[in-house]
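Okay, here's what each chain looks like letter by letter:
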Amino acid sequence: MSRVFGTPRRPASMVTRTDRLGRPISLDLREPEGNSVLFTGAPGMGKSLELDRAQAFAQQRGWIAVRVDASPREPLENRFVRAVSEDLGGLRKQHGYFALRKLKKTLRDLTQRSRSEQRGAELRFGVAPVQAVVKKQWEAPGKDGVGSTLNQLADNLGELAAKKGQPVMLMVDNLDVASERDLAALTELSAHLERKGQRVYLVGAGGEMAATRLMAASGGMSGIATGVTGRFDVRECAPLMDDELRPTVTDPLRRHGIPYQAEAVDNLLKSANGSPSRLRDLSETALQFAQPPQGITVDVAKAATARVNDQARVFYQAAWNTCSPAEKELLAKVAVRGPRGMAMAGETQAAGPGKWQEVDAARQGLVARGMLRESPNGSRVSLADPGLQDWVQTRVGQSAAHSGVALPGTPAPAITQPVGQHVPGRVTSTRQVGNTTFRVNG
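A brief structural summary. Since this is a predicted model, take the numbers as computed values, not measurements.

### Things to note about the pairing of strand β1 (residues 36–40)
Within β1, five of the five residues are buried, which leaves the element mostly enclosed by the surrounding structure. On β1, burial covers both faces: Ser36, Leu38 and Thr40 on one face and Val37 and Phe39 on the other are all buried. As paired elements, β1 and strand β6 (residues 200–206) share five bridges and run parallel to each other. Bridge pairing in β6 places serine 36 opposite leucine 202.

This is how it looks when you write it as structure tokens:
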């Protein structure tokens with residue numbers, strides 16, 4: 001039986017996202033402005049879903065749509081060549097056997113070129129017949145330059161589709177893990193598509209720093225003078241407002257005849273904090289706790305939130321473990337200030353000369369990974385996930401409590417005094433931990 005709320009890739013209720021000008025960002029609702037589109041946003045905000053919508057839109061109309069995931073281990077050129085090769089049967093049905101002759105020759109040439117670009121080295125130690133052999137093999141850049149494979153493949157696909165007056169979509173998901181060389185190849189492809197003027201569209205999806213990384217790769221590796229932000233039609237998958245997300249919960253519940261309390265839905269929305277993927281987890285968990293005839297009540301919503309947060313603790317710990325000391329310190333400071341977050345101007349000023357760059361780099365890294373969220377003007381940051389905020393508060397608070405430290409701006413965790421010992425009068429002092437000053441109750 002299908003889920004009440006659908007699946008992450010096929011939700012039961014879709015949200016029509018709009019940009020700051022009120023225009024829809026989905027490609028099935030608004031055509032690309034130019035040849036290149038980039039969907040950006042934090043993890044779980046629906047970037048892959050936007051690619052799904054665009055891909056389904058193209059396939060329904062018989063357009064050529066080739067989609068791959070970026071990989072840190074395999075070049076995008078190889079992935080695109082393999083994806084097109086695997087789809088030759090479908091292309092033959094659409095365009096005919098003879099129309100594919102040029103494309104098939106190109107694929108053969110590109111495959112051979114890729115194999116010839118393998119490089120290797122071998123070192124031998126010792127004297128025959130006893131020798132130790134060490135071999136190393138790696139991918140070498142194409143002799144025709146970064147992006148030449150993608151350019152050639154795009155041209156062939158564009159010529160094939162143009163015979164039917166149709167466009168082509170080349171889609172790349174998960175740009176966050178793409179290598180610098182792959183990003184350079186994409187910027188070169190973007191410039192190539194603009195010069196050619198064919199109806200071939202490059203559609204990518206990546207995190208908050210995707211545009212910045214593309215820009216750096218463009219200047220650093222491809223050797224082309226380009227304005228990535230000018231050529232790419234950047235469409236942000238930003239956090240959604242509660243009113244936008246509410247129908248994704250209430251509409252499926254109504255269709256399935258499941259009762260709910262409005263306040264309970266409000267509580268789920270508050271805990272989701274604008275994240276459609278987190279709201280899905282909360283809503284599906286609430287259904288597990290719901291009992292007829294009440295359905296989803298306030299108590300059910302609270303239990304669901306507690307369950308989701310508890311299940312996410314292992315992910316919170318893993319994310320914390322990957323943070324640098326500066327990132328951990330910034331996370332702790334933002335977490336103890338609550339949902340409103342913290343003003344960054346004061347934090348960078350307090351860091352002082354030579355240190356504010358470290359604080360700003362920590363902010364950028366946490367925003368890129370979706371742990372921190374910036375206000376529209378970038379002046380404030382807050383934790384994106386309320387569950388993570390509670391987890392960080394508890395972690396730092398426990399650590400502080402064990403040291404007799406009370407976190408500023410929030411009630412200190414209760415410290416149970418040993419039974420039978422005399423508790424002296426409270427003496428307040430301060431303690432410096434890194435760049436953070438805590439109040440210590442002695």
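### Remarks on the environment of proline 292
Examined against the element boundaries, proline 292 turns out to sit in the loop between α11 (276–289) and α12 (298–311). Once the C-alpha coordinates of proline 292 and proline 259 are considered, the two residues, 33 residues apart in sequence, prove to be 8.2 Å apart.

### Thoughts on helix α1 (residues 47–60)
Taking 1.5 Å of rise per residue, 14 residues should cover 20 Å, and α1 covers 20 Å from first to last C-alpha, within 8% of that figure. Within α1, 10 of the 14 residues are buried, which leaves the element mostly enclosed by the surrounding structure. The set of residues buried in α1 consists of Lys47, Leu49, Glu50, Leu51, Asp52, Arg53, Ala54, Gln55, Phe57 and Ala58. Contacts from the buried residues of α1 go to β1, β2 (64–69), β5 (168–173) and β6.

### A short note on the layout of surface pockets
The computed volume of the largest pocket comes to approximately 1,200 Å³. Contributions of two or more residues to the lining of the largest pocket are made by β7 (232–236), α10 (262–272), α12, β9 (372–374), β10 (380–383) and α17 (386–402). Class assignment of the residues belonging to the lining of the largest pocket gives a composition of 18 nonpolar, 14 polar and 11 charged. A volume near 870 Å³ is recorded for the second largest pocket. Along its surface, the second largest pocket is lined by 29 residues, and Ser277, Arg278, Asp281, Tyr316 and Asp385 are the ones closest to its centre. At the level of secondary structure, the elements contributing two or more residues to the lining of the second largest pocket comprise α11, α12 and α13 (313–321).

Criteria and thresholds
Residues numbered from 1 in each chain as written. Predicted model: local features only at pLDDT ≥ 70, side-chain atom pairs only at ≥ 80, totals over all residues. Heavy atoms only, no water. Buried < 20%, exposed > 50% of the residue type's maximum accessible area, 1.4 Å probe, protein only. Helix = DSSP H or I, 4+ residues; strand = E, 2+ residues; numbered from the N terminus. Pairing = 2+ DSSP bridges. Expected span 1.5 Å × (residues − 1). Contact = heavy atoms within 4.5 Å. 1 Å grid on protein atoms, 1.4 Å probe; cavity = no way out; pocket = protein on both sides within 12 Å on 5 of 7 lines; lining within 4 Å. Points joined across faces, edges and corners; volume = space filled by probe spheres on them. Nonpolar A, V, L, I, M, F, W, Y, C, P; charged D, E, K, R; others polar.

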